[in-house]
Amino acid sequence: MTTKKLPPEYYQMLEEIQANDFVALELNLYLDTHPNDFEAIKQFNDVSLKSMEMKVEFEKHFGPLMNFGRSFSNYPWNWKDAPWPWQV
Amino acid sequence: MFTQFKYWKPYISPFDPCEPIRIKSYSTPPQLYIQFQPPGLPQYPTAKQALHCGTLWPDLFSPYPNPEKKGN
Amino acid sequence: MWYYEKKLQYPVKVRECNPRLAKFLVEQYGGADGELAAALRYLNQRYTIPDKVIGLLNDIGTEEFAHLEMIATMIYKLTKDATPEQLKAAGLGDHYVAHDSALFYNNASGVPFTTAYIQAKGDPIADLYEDIAAEEKARATYQWIIDLSDDPDLNDGLKYLREREIVHSLRFREAVEILKEERDRKKFF
């Protein structure tokens with residue numbers, strides 16, 4: 001519902017995901033122009049695995065992060081539930 | 001090592017009505033000097049620091065506004 | 001295709017209701033060097049750029065949509081629940097009569113977005129130089145908005161976005177180096 005107040009853990013967990021995913025994104029762009037940097041690829045794979053693990057944990061508490069089959073749904077269907085990223 | 005701001009002194013006429021800015025500055029961020037990022041640059045120690053700086057590598061970080069605050 | 005992820009790329013905060021700042025920020029929403037123009041420019045150039053750098057254009061173009069969403073969030077939060085009087089006092093009376101407080105793709109002066117902002121010459125070097133220029137212009141726009149803003153929370157997000165322009169600019173410069181090849185062969189006169 002529109003008045004649902006999110007606990008502080010929501011913001012903490014979300015920021016940890018944002019930070020980890022940011023490292024993945026930075027390495028991704030870097031590797032687009034440095035495709036042979038073995039160490040960077042290793043680090044990219046590490047943070048990608050960590051991203052998956054963090055999101056499984058986050059979704060247990062706060063519902064699906066992604067649409068179209070990239071996340072599992074609870075019952076009832078809760079993908080469409082507010083709040084959306086620009087509302088929190 | 002390069003500096004991230006450059007300064008210049010514009011011509012000032014006695015007939016300029018606004019209070020003159022004697023020293024002007026502009027930003028010259030790291031991408032102007034790097035050309036092609038070398039592998040193995042040091043990274044911020046934590047992902048959160050990287051996120052809040054907007055880059056994974058301190059060598060690519062550019063401050064704004066000018067921390068030296070010379071001129072305007 | 002694209003999937004949506006229910007999170008912003010960076011935690012956006014604004015300190016107070018301030019529609020005047022929202023009016024400035026909309027330059028990066030629907031302006032010539034804004035995030036929409038950037039996303040559309042790079043994703044459109046993917047089809048004709050050499051294979052070696054398609055991935056980079058694809059990924060930076062995708063990140064630009066995440067930035068567009070951050071700008072939208074800033075505008076939304078700065079104007080949420082503002083009264084028509086507050087909007088009018090902030091110079092958004094003209095916006096209000098056409099859009100209420102809906103977001104719209106126009107620049108800070110109210111000029112609607114146009115694809116004339118997006119170049120696609122088909123020459124890889126010309127297009128990448130265009131992209132580098134676009135990143136530098138977006139960086140400068142963020143600087144001028146930061147200069148006008150007194151909201152430290154908003155400025156935190158704007159500094160992040162400015163830094164992203166710098167990293168993108170470097171990647172596009174690297175793409176030029178990759179395409180020109182023979183980097184070690186200098187011409188001596």
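Conventions and cut-offs
Residues numbered from 1 in each chain as written. Chains lettered and ligands numbered in written order. Predicted model: local features only at pLDDT ≥ 70, side-chain atom pairs only at ≥ 80, totals over all residues. Helix = DSSP H or I, 4+ residues; strand = E, 2+ residues; numbered from the N terminus. Contact = placed C-beta atoms within 7 Å. Nonpolar A, V, L, I, M, F, W, Y, C, P; charged D, E, K, R; others polar. Buried ≥ 20, exposed ≤ 12 C-beta atoms within 10 Å, placed from the backbone. Axes fitted to C-alpha atoms, helices over the stretch in contact; angles between N-to-C directions. Parallel < 35°, antiparallel > 145°, perpendicular 65-115°, else oblique. Left-handed = near helix turned anticlockwise from the far one by under 90°. Expected span 1.5 Å × (residues − 1).

A.B. asks: I keep staring at the overall build of chain C and nothing clicks. Help me out?
C.D. replies: A tally of helices and strands in chain C yields eight helices and zero strands. Beginning at the N terminus, the succession of helices and strands in chain C can be written as α-α-α-α-α-α-α-α. Referenced to the eigenvectors of the C-alpha coordinate spread, the extents of chain C come out at roughly 65 × 35 × 30 Å. Put simply, of all contacts in chain C between residues at least 6 apart along the chain, 76% involve residues at least 24 apart.

A.B. asks: Can you help me understand the interface of chain A and chain B in this one?
C.D. replies: Many structure descriptions define interface size as the accessible area lost when the parts assemble. Counting from both sides, the interface comprises ten residues of chain A and, opposite them, nine residues of chain B. Here the side of chain A that touches chain B gets seven residues from one element, more than from any other, and that element is helix α1 (residues 8–33) of chain A. Within the side of chain A that touches chain B, the residues separate by chemical class into four nonpolar, three polar and three charged.

A.B. asks: Would you take a moment to explain the environment of glutamate 182 of chain C for this structure?
C.D. replies: All names here are of chain C. Here glutamate 182 is to be found in the segment after α8 (152–180). Residue classification places glutamate 182 among the exposed residues on the basis of 6 C-beta atoms within 10 Å. Separated by 143 residues in the primary sequence, glutamate 182 and alanine 39 place their C-alpha atoms 30 Å from one another.

A.B. asks: Hey, could you run me through the environment of cysteine 53 of chain B in this one?
C.D. replies: Looking at the secondary structure, you find cysteine 53 of chain B in helix α2 (residues 47–53). Every residue in contact with cysteine 53 of chain B, bar those within four places of it in the chain, is listed here: Tyr44 and Phe61 of chain B together with Glu163 of chain C.

A.B. asks: Can you walk me through the packing of helix α3 (residues 35–45) of chain C against helix α7 (residues 124–148) of chain C in this structure?
C.D. replies: Packed helix pairs are specified by the crossing angle of their axes together with the interaxial distance, meaning the distance between the axes. Residue and element names in this part refer to chain C. Orientation of α3 relative to α7, taken along the N-to-C sense of each, is 165°, at an axis distance of 11 Å. By the angle class used here, α3 and α7 are roughly antiparallel. Classified by chirality, the crossing of α7 by α3 is left-handed. Mapping the contact onto sequence places Ala38, Arg41, Tyr42 and Gln45 in α3 and Asp127, Asp131, Ala134 and Ala138 in α7. Classifying every residue of the contact of α3 with α7 by side-chain character gives four nonpolar, one polar and three charged.

A.B. asks: What's the story with helix α2 (residues 38–62) of chain A in this structure? I'm lost.
C.D. replies: Along an α-helix, residues three or four positions apart point the same way, because every turn accommodates 3.6 residues. Residue and element names in this part refer to chain A. With 25 residues, α2 extends 36 Å from end C-alpha to end C-alpha; this agrees with the ideal 36 Å at 1.5 Å per step. Regarding α2, the residues found buried are Val47, Lys55 and Phe58. Residues of α2 that are buried in the fold lie against α1. Looking one or two residues past α2, glycine 63 carries a phi angle of roughly 85°, positive in sign.

A.B. asks: I tried to follow the environment of tyrosine 76 of chain C on my own but got confused; where do I start?
C.D. replies: On the secondary structure map, tyrosine 76 of chain C appears in helix α4 (residues 51–79). Apart from the residues within four sequence positions on either side, tyrosine 76 of chain C is in contact with Trp86 of chain A together with Leu103 of chain C.

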